[in-house]
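For reference, the chains in residue letters:
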Amino acid sequence: MRVQETRRAVRSKHDSVLELQDEKGRAISGIVRLIDVSAVGARFASTATLPKGMKLHGCLRLLRTGALNIVGRVVRIKAGSNVTYYGIAFESVKRVR
């Protein structure tokens, strides 16, 4: 039996560093590694502890697209053995020139 995809946008797997800051521009401490990205959000693993609903600002570097400044909110949290997995929903995405 085939499972029907219900996501709003197609995800692309990605393995790179995601630079994140809080609303005041302070860097999120700990390692942040991008897992996948779509047009509406991203999933990443981190050693940092972030609350659901937290607003994040960041720089996302994608080979084909280039650098993007993003703003989003934490919408999903899943604990792993050594890291926590987070999902963020983008509020804005702007290409860096």
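About the cut-offs
- Residues numbered from 1 in each chain as written.
- Predicted model: local features only at pLDDT ≥ 70, side-chain atom pairs only at ≥ 80, totals over all residues.
- Heavy atoms only, no water.
- Buried < 20%, exposed > 50% of the residue type's maximum accessible area, 1.4 Å probe, protein only.
- Helix = DSSP H or I, 4+ residues; strand = E, 2+ residues; numbered from the N terminus.
- Pairing = 2+ DSSP bridges.

A. A look at the pairing of strand β5 (residues 55-62). Across the 8 residues that make up β5, a large majority, 6, are buried. As paired strands, strand β2 (residues 19-21) and β5 are joined by 3 bridges and run antiparallel to one another. Each bridged residue has a counterpart across the sheet, and for Q21 the counterpart in β5 is H57. Across 8 bridges, β5 lies against strand β6 (residues 66-79) in antiparallel orientation. Each bridged residue has a counterpart across the sheet, and for L56 the counterpart in β6 is G72. Hairpin connection from β5 to β6: 3 residues lie between these consecutive antiparallel strands.

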